[in-house]
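Structural characterization, general
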Amino acid sequence: MSDAFVHETAIVDNDVTIGDGTKVWHFSHILPRTTIGRNCVLGQNVAVGPDVTIGNGCKLQNNVSLYKGVQLEEDVFCGPSCVFTNVLTPRAFVERKNEFAPTLVGRGATIGANATIVCGTRIGAYAMIGAGAVVIKDVPDFALVVGNPARQLGWVSREGERLGPDLVCSRTGERYEETGDGRLVLRR
């Protein structure tokens, strides 16, 4: 392992990579072929893997499970008890491991407490998923989505501030613009 902290009650299986400065807390389980980046925090009762990749600087709050097919880019925040699925039509008596659908969460995105992310979706960079939302389709970069099913309510900045009609971040002064195809980009 590296310069990582793993609580004595956590289980880390073989063939796992954990980056320097990462902390894995009480009762968590890291399954094989999982890669966790540097300076991450995995709260109590977190389950990850197998075959999951977590980028540097991610924070997974208590009771989050990342199943095969989930990939988190850098600096993703997963709120308490948010849920990722990996099969669209599960049945206990039907084997569907060959149907696992990938889920990508873009850099800097936030997923609120108790949100559900249905597999096969992409959460865009710096997107904000409201607490309890149910995401059933792709979420654009910088989008703020809420509800069941999740719908876009507006835009947020890289800092997580809700953007007004002027599309200027109140915290940093960064300016954004909407493109003709309905995306938001940071002006350079």
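One structure accompanies this document, and this report is about it. For clarity, every value in this text was computed on a predicted model and none was experimentally measured.

To continue, consider the overall build of the protein chain. Scanning the protein chain for helices and strands turns up 0 helices and 24 strands. Against the globule reference of 16 Å for 188 residues, the protein chain gives a C-alpha radius of gyration of 17 Å, in line with a compact fold. Summarising its shape, the C-alpha atoms of the protein chain cover approximately 50 × 40 × 25 Å along the three principal directions. When burial is assessed residue by residue, the protein chain has 42% of its 188 residues classed as buried. Within the protein chain, residue pairs in contact and separated by at least 24 positions form 15% of the contacts whose partners lie at least 6 positions apart. Accessible surface computed for the protein chain: about 9700 Å², of which carbon and sulfur atoms make up 48%.

Attention shifts here to the sheet that holds strand 15 (residues 103-105). In spatial order, the strands read 3-6-9-12-15-18; together these 6 strands make up an open sheet with parallel pairing. Edge positions in the sheet fall to strand 3 (16-18) and strand 18 (122-123), since each of these pairs with one other strand and no more. Note: strand 3 against strand 6 (residues 34-36), 3 bridges, orientation parallel. Following the sheet pairing, Thr 17 is matched in strand 6 by Thr 35.

Our focus in this paragraph is the pairing of strand 21 (residues 143-146). Here 2 bridges tie strand 19 (residues 128-129) to strand 21, and the two strands are oriented parallel to one another. Across the sheet, Ile 129 pairs through a bridge with Val 145, a residue of strand 21. Here strand 21 runs beside strand 22 (residues 151-155); their pairing, made up of 4 bridges, is antiparallel. Residue pairing for strand 22: Val 146 is matched across the bridge by Arg 151. The antiparallel hairpin formed by strand 21 and strand 22 contains 4 residues in its connecting segment, where Gly 147 sits at a positive phi of about 95 degrees.

What follows covers unusual backbone geometry. Put simply, Gly 49 and Pro 50 share a cis peptide bond, and its omega is 5 degrees. Within the secondary structure layout, Pro 50 lies in the loop between strand 8 (47-48) and strand 9 (53-54). The omega torsion across Asn 148 and Pro 149 is -5 degrees, close enough to zero to call that bond cis. Of note, Pro 149 is situated in the loop between strand 21 and strand 22.

The rules behind each value
Residues numbered from 1 in each chain as written. Predicted model: local features only at pLDDT ≥ 70, side-chain atom pairs only at ≥ 80, totals over all residues. Heavy atoms only, no water. Helix = DSSP H or I, 4+ residues; strand = E, 2+ residues; numbered from the N terminus. Rg over C-alpha atoms; globule rule 2.2 N^0.38 Å. Buried < 20%, exposed > 50% of the residue type's maximum accessible area, 1.4 Å probe, protein only. Contact = heavy atoms within 4.5 Å. Areas by Shrake-Rupley, 256 points an atom, 1.4 Å probe, with all protein chains shown as cover. Pairing = 2+ DSSP bridges.

Nothing here speaks to function; it is geometry throughout.
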